[in-house]
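Fold and contact review
As a plain string of letters, each chain reads:
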Amino acid sequence: MSQVTEYSDKVMDHFSNPRNVGEIENASGVGTVGNAKCGDIMRMYLDIDDDRIVRDAKFKTFGCGAAIATSSMATELVKGKSIEDAMTVTNKAVMEALDGLPPVKVHCSLLAEQAIHAALWDYAQKENIVIDGLKPPVNDIEETEEYYQMPGE
Ligand code: FES
C-alpha cells in the first residue's frame, strides 16, 4: 500500500455515516480500551451465538474521526465471522478495507482491533474457552507497540 496523506472516500463515508454505533444489551462480550496518549476510548459489544458466530457488533467511542471510521469498518468486517476468523480483523485488515489511513492516524485503527480483542476475551472468559492467538487485553494500547505501521512510517 502506498503512503496515504489524505482521508480516502471510504474513510470519509464511514466517518460521516458510521455503521453499528450503539450498545448491545446483554452482549456476549464487551471490551473497552483506551489510548493514553490521545485520551481516546473505544467500547465494543459483540453478540455471539451458540455456534460461536458473531451475529452483531456495535461500538461507542470517545475517539477521533479515524477511530470512528475504523471502528465502523471493523464492526462491518467482524459480523458473520466465527470467533477464530474475527481474529483476522486486524488494524491492517481494517485499514486496507478503508483504502488506507494517513500515517499519523494509523494508531487510531488499533483501538478498534484491540476493542474487538477485549470483547472476545470477555466472551472467552464467560464461556471458559480459549481463542487461538488471543491475549489478555491491555488498558493502554500504546503498551503493545506491535501494531501494523504503514510502510515508510
Ligand atoms: Fe486518538 Fe485517533 S487520535 S484514536
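Residues numbered from 1 in each chain as written. Predicted model: local features only at pLDDT ≥ 70, side-chain atom pairs only at ≥ 80, totals over all residues. Heavy atoms only, no water.

What about the sheet that holds strand E1 (residues 29-35)?
- Read from one edge to the other, the open sheet built from three strands follows the order E1-E2-E3, with strand pairing classed as antiparallel. Because the sheet does not close on itself, it has two edges, and the strands there are E1 and strand E3 (54-62). If you compare each strand with its neighbour and ignore which way they point, the axes differ by 15 degrees on average.
- The pairing of E1 with strand E2 (residues 40-48) spans seven bridges and is classified as antiparallel. Opposite Gly 29, over in E2, you have Leu 46 as the bridge partner.
- In this fold helix H5 (residues 106-127) packs onto E1 and E2, with an angle of close to 145 degrees to the strand it touches most, E1. (Pairing = 2+ DSSP bridges. Helix = DSSP H or I, 4+ residues; strand = E, 2+ residues; numbered from the N terminus. Axes fitted to C-alpha atoms, helices over the stretch in contact; angles between N-to-C directions. Contact = heavy atoms within 4.5 Å.)

Overview of the side chain of Asp 49
- Tracing the chain through its elements places Asp 49 in the loop between E2 and E3.
- In this structure the side chain of Asp 49 is engaged in a polar contact, spanning 2.9 Å, whose partner is the backbone nitrogen of Asp 51.
- Apart from residues no more than four positions distant in its own chain, Asp 49 is found in contact with Arg 55 and Tyr 123. (Polar contact = N/O pair within 3.5 Å; in protein donor to acceptor, adjacent residues only side chain to side chain.)

Looking at the pattern of salt bridges
- Summed over the entire model, instances satisfying the criterion amount to eight salt bridges.
- For Asp 13, the salt bridge identified is with Arg 19, shortest N-O distance 2.8 Å.
- Glu 96 is paired through a salt bridge with Lys 92; the nearest N and O atoms lie 3.1 Å apart. Note that Glu 96 and Lys 92 are positioned in helix H4 (residues 91-97) at a spacing of four residues, about one turn of the helix.
- Using a relative accessible area of 39% as the deciding quantity, one classes Glu 96 as partly exposed. (Salt bridge = Lys/Arg side-chain N within 4 Å of Asp/Glu carboxyl O. Buried < 20%, exposed > 50% of the residue type's maximum accessible area, 1.4 Å probe, protein only.)

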